[in-house]
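One-letter residues, chain by chain:
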Amino acid sequence: MTAILHVCRHCDGVITDPEDAVEVAYEHGNSGPGRSVWAHREHADLVELVDPDALRIMTRIWAARQHDT
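Fair warning: this is a prediction, and the values are worked out from it, not measured in the lab.

Visitor: Sorry, what's going on with the pattern of salt bridges here?
Guide: Pairs can form between side chains of opposite charge once their charged atoms are near each other. In the structure shown here, the tally under the stated rule is three salt bridges. D53 is the salt-bridge partner of R56, the closest N and O atoms lying 3.8 Å from each other. Of this pair, R56 and D53 both sit in helix α1 (residues 52-68), three residues apart, which is roughly one turn of the helix. A network of salt bridges, in which partner residues are shared, links R9, E27 and R35.

Okay, here's the thing in structure tokens:
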């Protein structure tokens with residue numbers, strides 16, 4: 001039987017102990033099912049769920065809209 005391995009979103013390390021894996025989010029797929037986002041138990045609070053590039057772009061858009069009004 002094949003073991004399911006999870007990768008920590010915070011440190012990119014493989015989570016080898018199933019008891020140490022924590023599901024921190026779920027990402028929806030564009031064409032099909034999404035996937036669960038996992039982290040080590042000690043890293044669960046450190047995971048950034050917002051994409052920093054998307055946040056930077058949206059911040060510029062919000063600032064431009066605020067400036068125009």
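Read on for the rest.
Visitor: How should a nonpolar patch on the surface be read in this particular structure?
Guide: On the surface, V50, L55, I57, M58, I61 and W62 cluster together into a nonpolar patch covering about 530 Å² of accessible area. Mapped onto the fold, I61 is located in helix α1. Given a relative accessible area of 33%, I61 falls into the partly exposed group.

Visitor: It is not clear to me how the side chain of H40 should be interpreted in this structure. Could you clarify?
Guide: Structurally, H40 is set in strand β4 (residues 35-40). Taking relative accessible area as the criterion, H40 reaches 12% and is therefore assigned buried. What H40 contacts, discounting residues up to four positions off in sequence, is C8, C11, G13, V14, I15 and D20.

Conventions and cut-offs
Residues numbered from 1 in each chain as written. Predicted model: local features only at pLDDT ≥ 70, side-chain atom pairs only at ≥ 80, totals over all residues. Heavy atoms only, no water. Salt bridge = Lys/Arg side-chain N within 4 Å of Asp/Glu carboxyl O. Helix = DSSP H or I, 4+ residues; strand = E, 2+ residues; numbered from the N terminus. Patch = residues over 30% accessible without salt bridge, like charges linked within 9 Å, V, L, I, M, F, W, Y side chains within 5 Å. Areas by Shrake-Rupley, 256 points an atom, 1.4 Å probe, with all protein chains shown as cover. Buried < 20%, exposed > 50% of the residue type's maximum accessible area, 1.4 Å probe, protein only. Contact = heavy atoms within 4.5 Å.

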